[in-house]
Amino acid sequence: MNILVTAGPTREAIDPVRFIANRSSGKMGYFTAAAAAARGHKVRLVSGPVCLPAPDGVTMTQVVSADDMLRAVRTHLSWCDVLIMAAAVADWRPADVASAKIKKTGRSMMLELVPTPDILRDIAPYKQQRLFVGFAAETSTVVAYAAAKLAAKNLDYIVANDVSQPDAGFEVDTNRAVLLGADGSREEWQLMSKRDMAERLLDVIETATPQTGGRGNC
Ligand code: PMT
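Just so it is clear, the model here is predicted, and its values are computed rather than measured.

Caption draft 1: Just the overall build of the protein, in detail. Along its length, the protein carries five helices and twelve strands. Whereas a compact globule of 218 residues would reach a radius of gyration of roughly 17 Å, the protein reaches 18 Å, a difference of no more than 12%. The long-range share in the protein, meaning contacts at least 24 apart out of those at least 6 apart in sequence, stands at 61%. Counting only carbon and sulfur atoms, one obtains 52% of the accessible surface of the protein, whose full area is about 10,900 Å². Across the protein, the 25 positively charged side chains and the 24 negatively charged ones have centroids separated by 6 Å.

In structure tokens, the structure reads:
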């Protein structure tokens, strides 16, 4: 299959030296991309800024902002059979980006934030027969919030991780999640390495997707 994976945070510029971002290390998405490539799938990885080496056998596109990631996902969408959105896309960006470094005044300042594009909602009309998998990073009411995102974003599956736990979610090498399917399925995934979680996710995807050999490289 042709599998498009996103990973890492996005950075939303405030000025030439400052940005808004989040704690995503990219590990969950990179392990997923690496595991998919090791299984023989063709894999393209769209990555925000992280400190990880490119996985073997994966074609990389590096991006910075949510707008960049949206453009990259749109570019590769027609190629893929499966989209796995593990990236932690920033939900807001500064309304204006200062062209020069904002000088410190010692006084408080207000920063107006505007919403970034929601990538999954943007591409939902072009889903066709593709399988879309999202992740939900939540700190409370984890499963209910994830279920709402599964429906609102027209996903086939969502991996709900509780990012308030020190051994799961952002940065660490382990994760714990509940996988929800649009078909009403639900799997509890106890604490495991992100590498093992990537394999569990790919098992589900391969079972759910006819092995057609992919769409080629068009
Ligand atoms: O990178 P690691 O340190 O390994 O951490 C892994 C992780 C916690 C980042 C990952 O497992 C995870 O949960 N990724 C999704 C984080 C997130 O943005 O969750 P969300 O609940 O805000 O978004 C739900 C889904 O919508 C996600 O698939 C996200 O990629 C997508 N989204 C979000 C915002 C946006 N503007 N556009 C989107 O498409």
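Caption draft 2: Examining the pattern of salt bridges more closely. Enumeration over the complete set of coordinates arrives at 14 salt bridges. Between Asp118 and Arg121 there is a salt bridge, and its shortest N-O distance comes to 3.8 Å. For Asp118, a relative accessible area of 27% puts it in the partly exposed group. Residue Lys127 is joined to Asp156 by a salt bridge in which the shortest nitrogen-to-oxygen separation is 2.8 Å. Here Lys127 is found in the loop between α3 (119–123) and β9 (131–138), whereas its partner Asp156 is found in the loop between α4 (142–152) and β10 (157–162), with 29 residues between them in sequence.

Caption draft 3: Quick look at unusual backbone geometry. For Gln128, which is not glycine, the phi torsion reads 50 degrees and is therefore positive. Residue position: Gln128 is located in the loop between α3 and β9.

Caption draft 4: Quick peek at the environment of Gln129. Tracing the chain through its elements places Gln129 in the loop between α3 and β9. With 80 residues separating them along the chain, Gln129 and Thr209 place their C-alpha atoms 9.6 Å apart.

Caption draft 5: Structural view of the side chain of Ser65. The residue Ser65 is located in the loop between β5 (58–62) and α2 (66–77) in this model. In this structure, Ser65 is in contact with Thr10, Arg11 and Glu12, ignoring residues within four places of it in sequence.

Caption draft 6: How the structure looks around the site of the ligand. The environment of the ligand is formed by 29 residues, the closest being Ser24, Ser25, Lys149, Glu171 and Lys194. A distance of 2.9 Å separates an oxygen atom of the ligand from a polar side-chain atom of Lys153. Among the secondary structure elements, those contributing two or more residues to the shell around the ligand are α1 (27–38), α3 and β9. In terms of residue count, β9 provides more of the shell around the ligand than any other element does, four residues in total. Classifying every residue of the shell around the ligand gives 15 nonpolar, seven polar and seven charged.

Caption draft 7: Examining the sheet that holds β5 more closely. Spatial ordering of the open sheet is given by β5-β4-β1-β6-β9-β10-β11-β12, a layout of eight strands whose pairing is mixed. With one partner strand each, in any of the chains shown, β5 and β12 (186–193) form the two edges of the open sheet. The average angle at which neighbouring strand axes cross in this sheet is 20 degrees, direction not considered. In this sheet, strand β11 (residues 174–181) lies alongside β10 in antiparallel orientation, the contact comprising five bridges. When the sheet's bridge partners are listed, Ile158 is paired in β11 with Leu180. Most of the contacts of α4 go to β10, to which it runs at about 150 degrees, and overall it touches β9, β10, β11 and β12. Taken strand by strand, helix α5 (residues 194–208) contacts β1 (2–7), β6 (82–85), β9, β10, β11 and β12, and its axis lies near 150 degrees from that of β12.

Caption draft 8: α2, seen in detail. The first and last C-alpha atoms of α2 sit 16 Å apart over twelve residues, in line with the 16 Å expected at 1.5 Å per residue. Where α2 is concerned, the buried positions are Ala66, Met69, Leu70, Ala72, Val73, His76 and Leu77. Seen along its axis, α2 keeps its buried residues to an arc of 165 degrees; they face one direction.

Conventions adopted
- Residues numbered from 1 in each chain as written.
- Predicted model: local features only at pLDDT ≥ 70, side-chain atom pairs only at ≥ 80, totals over all residues.
- Heavy atoms only, no water.
- Helix = DSSP H or I, 4+ residues; strand = E, 2+ residues; numbered from the N terminus.
- Rg over C-alpha atoms; globule rule 2.2 N^0.38 Å.
- Contact = heavy atoms within 4.5 Å.
- Areas by Shrake-Rupley, 256 points an atom, 1.4 Å probe, with all protein chains shown as cover.
- Lys, Arg positive; Asp, Glu negative; His and termini not counted.
- Charge placed at Lys NZ, Arg CZ, Asp CG, Glu CD.
- Salt bridge = Lys/Arg side-chain N within 4 Å of Asp/Glu carboxyl O.
- Buried < 20%, exposed > 50% of the residue type's maximum accessible area, 1.4 Å probe, protein only.
- Near = heavy atom within 4 Å.
- Polar contact = N/O pair within 3.5 Å; in protein donor to acceptor, adjacent residues only side chain to side chain.
- Nonpolar A, V, L, I, M, F, W, Y, C, P; charged D, E, K, R; others polar.
- Pairing = 2+ DSSP bridges.
- Axes fitted to C-alpha atoms, helices over the stretch in contact; angles between N-to-C directions.
- Expected span 1.5 Å × (residues − 1).
- Arc of directions from axis to C-beta.

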